[in-house]
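The primary structure of each chain is shown beneath.
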Amino acid sequence: MNTPHINRLTNHVASSTHLVELLSHALRAVLIIVLSIAGAVLIDAGYALPGAGLLLLDLAIIAAAVWALRPLLRSMLRGQSDIRTAALYIEKRLDIKDNQLINAIDLASQNDPHTSASLRAEAIEQAEATAKDIAPDSIIDRRPVKEAFKPAAAVVVGLLIIYLLIPSIFHAVIPRLVLPLADLPPFTLVKFDVRIDPEPVYLGKPATIRANLSAPGELGPAHIVFVDDDVKSQPLPMYRTFAPDQTVQQEDTTYHYALRLERVETPRRFYITTQRGRSKLYTLTPDTSPLIERATITYDYPDYTNWPDAHYRLTSTGIRALTGSSITLHIESNTTLAGGSLELTSSTPTSNQTYQLTPDPNDPRIAAVTFPLQYSGEFKLALTGADNKPGVDTLQGKLTALPDRPPKIDILEPDRQAVVPEGWPIDATFVAGDDIAINQTTLHLGVNDQPTQPIDLELAFEKSSHTVARSAYTIQPHLFNARAGDTLKYYASAQDNHPDAPQSTESPVHAIHIITMQQYMDLARTQYRIDDLAAEYEVILDRLGDLEAQRDELLHELAELQNQLNAGEALTDEQQQAMQQLQQALTDYAEQSSELAEELNQRTDQSSLYEFEENYKQMLEQLADDLESQQQLAQALNDALEHLNSDSSQSRQSQMQELADEFALMSEPFSEETRQQTEYTQAELEKLRHADDLMQQGERIRRVALAQDELAVRLSSLAESNPLSPQDQARADKLAQEQAELRDELEDAAQALREAAEDASEALPRMSRGALDIADRIDNLGIVSTQSAAEKAATAGNGPLAHQAAREAADQLDSLLTDVDQAQMQASSDLDGCFNLPRQNMQSLLQQMAAGQRAPGSGLQGGSGYGMAGNMARLSMIGPQMPGQPNSDSESRRARNNARRAQGRSIDSDLDPDQYAEVINAEPSTIDNLQAVQLQTLPTQYREQAEAYFKRIAEEN
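Computed from a predicted structure; not experimentally measured.

Across its full length, the chain carries 21 helices and 31 strands. Per-residue burial over the chain gives 46% buried out of 957 residues. Contacts in the chain between residues far apart in sequence, at least 24 positions, make up 72% of those at least 6 positions apart. When the accessible surface of the chain is summed, it comes to about 47800 Å², and 50% of that surface belongs to carbon and sulfur atoms.

Laid out in structure tokens, this is it:
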């Protein structure tokens, strides 16, 4: 019989009760398992168990889980109850007393013929009606699930809260429980922040392990333990470092530690341990990409250079070598190399080449490449590691192929333009240089416009190098039939040792102008003036004054020593020391006297430029003789004192006394008579100096007058043009500039003449008055204003007015020339008797001084030979030694140089007097600003030739 409602009800109840049973058992199992895991976590977190302890905890958790899951497994295996059991559960839950549901189930399942069918159907029908009205969910007892859920949920929620608060406990312990033998770090309150510096770390390079540890309270030291091949090393202490603002430790702060590894050759595993815990395991893996650690270069130069191979470290300058050199690059890397490539590029793509690097079989970390240097460009080198990893960096730079440069040659002396008296030899010095080697030098020499003759020079190389060679040759003008008025023209050539085609070069052409001795003397006067002579004499007087002071001090000390000896007492140690100091003072006095006497004798041996110098040199000769006597007597006194040290007998004392008396009586050259003579000489030289200064300024005015006349002539070509064409205006602007320079020079010369006249008014009254009259006439005539008008007119393009003003200024200046000559000649009356010379000799002296003023030296820029100082050629003098030239008195030279600097003259201050001959001087004495002039006192037969040659010199330079 069919019972659908009863079946539905019983099946639903059976499955629901089984589910409740499973849930309750599962929740109880979860509670037990979670509690066991939590307990294990807390135990390991608190005690940091070793691997064995972790295994025991794992076994305990497993045992608890098995025990907790056993009821659940049984229930699952048993399955849900049958319908009778379910019906009994329903009747019990609903308190059904008559077993209505069970009976209906039994009656429905039986087919007993002895049972009334109607009764069975009625009972089943009643039970069906009852089952139909029963809600299945209201029957289920869910209290076991709720009773199991509450503690399980409480434990899970509590554990979740703990996890959220302290997740690090679970992160640390759970992996340890899962892998108890993996040596994972236990739980610690220390936070580890570990990094490797630099990143990445390349093989063979240093690395620093840095650890930033955070922990509450004091942490203490930290160590690193390396785990290589599962073998732990001894803990290595890390060095404590501090942040810039971290000086005092505070709660929950950060501690900084570091450990430097000098070379990282293999992967390293490590962890950091402290007294309060350790970190996880870290791995330091080096990058095996090759690096360029060192690059050296070897230059194998061409054979003809004879240079040894050169080895250098490659720098930012790149590769620079002589073209044709063989270049070898050696590259050292941090790892084993498989090779590499070198790319050479230039401006011509077809010349680009690539070379492969070859590793060294003995050391595969080194590779080399060799190539010929043929052109300039750039290079780029890259490496490849043994595992075919490309290099991290590349080496690149400039590639410079230096050509074999041609040689250079220079003529050191004499200067490019030189004058020499007829028949005088000229010592020439040449220097040649080349980047490889000098093979030959040749002198090419000729007279005037005749063809030059080659003369091979002997080479003297400096040190062991053949790159610089000096040569010397003495030119004998008479061997080339050169006479006064001729010009020796010469140049030098040098050749290098290039094997294919030797390269050569030539020096500029030099010229030596042969002049007469009188011309040479006139030129010398332009270099050695009266003020130089006065300065020389002042130095002599200063040195004589120093010697006189030393002599007075010696006489005082000799008197004290004699008094001590006369007392008959033995000399004390202090007195013995004083006597030794006296001996040294006598030696110094003798040496200085001898030195000054020698210099005075050398001065008297020099040629005289002026007539009064003969008297002047006679006085110097007498001073030298007196100084030699002083030196001899001082030396004798010194010898006597030396003997007195070893023998203080009466005879020795008497000898010393006689020498001391003689020394005191010998007053020359310090006597009153000599002093008067030196003062007289100084005063006479001062007179001559004043006269020379006045004539010098007068000569400046003369040159302005000559240049002004020439300028007026040149402006005459513009007198018919108004307005001027652009080409003429450009020329007028240039002439206006020259007119301005002439005006400035005239103003300066007039002012200098006035100042010189005022300085000389006491010594030379008549000559000074004449000079002042000339200066006043320049102002009264308005010459400067007229010159300014000419300048302005030329600038404005008014040619007629410019020429008119320039001509007027020239005529006014021309009227002054006679006055200038008369003022210079008036000096003969002022200087009459100077240096005891008669009037006719004084006139000759003034002519000599004036000739020195008009000889080549200075002037203003004009159209045909006048020039501003420094604009014209440099000329050197070669010939007999003159005052002021090398080998003269050094102090006098220094005084003269200072005087020349004060007047703006150029000097040759770099010459060493010790390297020149005593009388004959073949070295240049420099004259600047050579002009084309007519030399005074020039012999008639040579005057035209000399004038032509000096003019040509000016034009060429």
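The discussion continues.
A cluster of nonpolar side chains, Leu-56, Leu-59, Ile-62 and Val-66, forms an exposed patch at the surface whose accessible area comes to about 420 Å². Position of Ile-62 among the secondary structure elements: in helix α2 (residues 51-78).

On to the sheet that holds strand β26 (residues 468-475), then. Read across the open sheet, the four strands follow the order β20-β22-β26-β25; overall the sheet is antiparallel. What marks the edges here is a single partner per strand, and that holds for β20 (408-413) and β25 (460-461).

What follows is about helix α15 (residues 765-781). For an α-helix the count is 3.6 residues per turn, leaving residues at separations of three or four pointing the same way. Taking 1.5 Å as the rise per residue, α15 with 17 residues should run 24 Å; its terminal C-alpha atoms sit 24 Å apart, in good agreement. For α15, the full list of buried residues reads Met-767, Ser-768, Gly-770, Ala-771, Ile-774, Ala-775 and Ile-778. The arc enclosing the buried residues of α15, seen along the axis, measures out at 165°, which places them on a common side. Directly after α15, the chain includes Gly-782, whose backbone phi takes a positive value near 65°.

With the rule as written, the count across this model stands at 29 salt bridges. The salt bridge partner of Lys-205 is Glu-293, with a shortest N-O separation of 3.0 Å. Of the two residues, Lys-205 is situated in the loop between β1 (191-197) and β2 (207-215) and Glu-293 in strand β11 (residues 292-300); the sequence distance between them amounts to 88 residues. Given a relative accessible area of 25%, Lys-205 falls into the partly exposed group. By relative accessible area, which is 29% here, Glu-293 ends up partly exposed. By sharing partners, the salt bridges in this structure join Asp-183, Lys-232 and Arg-278 into a single network.

Here the focus is the sheet that holds strand β18 (residues 377-385). Sheet strands pair by backbone hydrogen bonding; their relative direction is either parallel or antiparallel. Pairing within the open sheet is mixed, and its nine strands lie in the order β12-β11-β14-β17-β16-β15-β18-β19-β13. A strand with exactly one partner marks an edge of an open sheet, and here the two such strands are β12 (310-313) and β13 (319-322). Each strand axis lies, on average, 25° off the axis of its neighbour in the sheet, ignoring direction. Sheet topology places β18 next to strand β19 (residues 390-402); seven bridges connect them, and they run antiparallel.

A word on the packing of aromatic side chains. Across all of its chains, the model carries eight aromatic pairs by this definition. For the pair Tyr-301 and Trp-307, a centre-to-centre distance of 5.0 Å together with 85° between the ring planes defines the contact as edge-to-face. Classification of Trp-307 as partly exposed rests on a relative accessible area of 32%. An angle of 35° between the planes, with centres 5.9 Å apart, marks the rings of Tyr-355 and Phe-371 as tilted. Here Tyr-355, found in strand β16 (residues 353-359), pairs with Phe-371, found in strand β17 (residues 366-372); they are 16 residues apart in sequence, far enough to count as distant.

The next point concerns the pairing of strand β22 (residues 426-433). The buried fraction of β22 is high, at six of eight residues. Pairing analysis gives five bridges linking β20 to β22, with the strands arranged antiparallel. The residue of β22 that forms the bridge with Ile-409 is Ala-432.

Take Ala-802: it is sitting in helix α17 (residues 799-825). Along the backbone, Ala-802 and Lys-792 are ten residues apart, and their C-alpha atoms lie at a distance of 7.7 Å. For Ala-802, the residues in contact, after removing those within four places along its chain, are Leu-715, Ala-790, Ala-793 and Ala-794.

What follows deals with the pairing of strand β29 (residues 510-515). Of all six residues that make up β29, six are buried, and the element is covered over most of its length. Alternating residues of β29 divide into His-510, Ile-512 and Ile-514 and Ala-511, His-513 and Ile-515, and every residue in both groups is buried. In the sheet, strand β21 (residues 417-421) pairs with β29 via five bridges, with the strands oriented parallel. Considered in β29, the bridge of Pro-421 is made with Ile-515. In this structure, strand β27 (residues 487-496) lies alongside β29, joined through four bridges in antiparallel fashion. Paired with Leu-488 across the strands is Ile-512, a residue of β29.

Right, let's talk about the side chain of Thr-442 for a bit. Along the chain, Thr-442 turns up in strand β23 (residues 438-447). With residues up to four places along the chain from it excluded, the contact list for Thr-442 reads Pro-454, Ile-455, Asp-456, Leu-457, Tyr-491, Ala-492 and Ser-493.

Right, let's get into unusual backbone geometry. Cis geometry is adopted by the peptide bond preceding Pro-414, which originates at Glu-413 and carries an omega value of 0°. With respect to the helices and strands, the residue Pro-414 is situated in the loop between β20 and β21. Following Glu-668, the chain continues into Pro-669 via a peptide bond in cis, with omega recorded as 5°. Inspection of the secondary structure puts Pro-669 in the loop between α12 (650-665) and α13 (672-715). The phi torsion at Asp-183 lies on the positive side, around 55°, for a residue other than glycine. Of note, Asp-183 is situated in the loop between α7 (167-178) and β1. What makes Asp-183 partly exposed here is its relative accessible area of 39%. Despite not being glycine, Asn-306 has its phi angle at roughly 60°, a positive value. The topology assignment puts Asn-306 in the loop between β11 and β12.

What counts as what
- Residues numbered from 1 in each chain as written.
- Predicted model: local features only at pLDDT ≥ 70, side-chain atom pairs only at ≥ 80, totals over all residues.
- Heavy atoms only, no water.
- Helix = DSSP H or I, 4+ residues; strand = E, 2+ residues; numbered from the N terminus.
- Buried < 20%, exposed > 50% of the residue type's maximum accessible area, 1.4 Å probe, protein only.
- Contact = heavy atoms within 4.5 Å.
- Areas by Shrake-Rupley, 256 points an atom, 1.4 Å probe, with all protein chains shown as cover.
- Patch = residues over 30% accessible without salt bridge, like charges linked within 9 Å, V, L, I, M, F, W, Y side chains within 5 Å.
- Salt bridge = Lys/Arg side-chain N within 4 Å of Asp/Glu carboxyl O.
- Pairing = 2+ DSSP bridges.
- Expected span 1.5 Å × (residues − 1).
- Arc of directions from axis to C-beta.
- Axes fitted to C-alpha atoms, helices over the stretch in contact; angles between N-to-C directions.
- Phe/Tyr/Trp six-rings, centres within 6.5 Å; stacked < 30°, edge-to-face > 60°.

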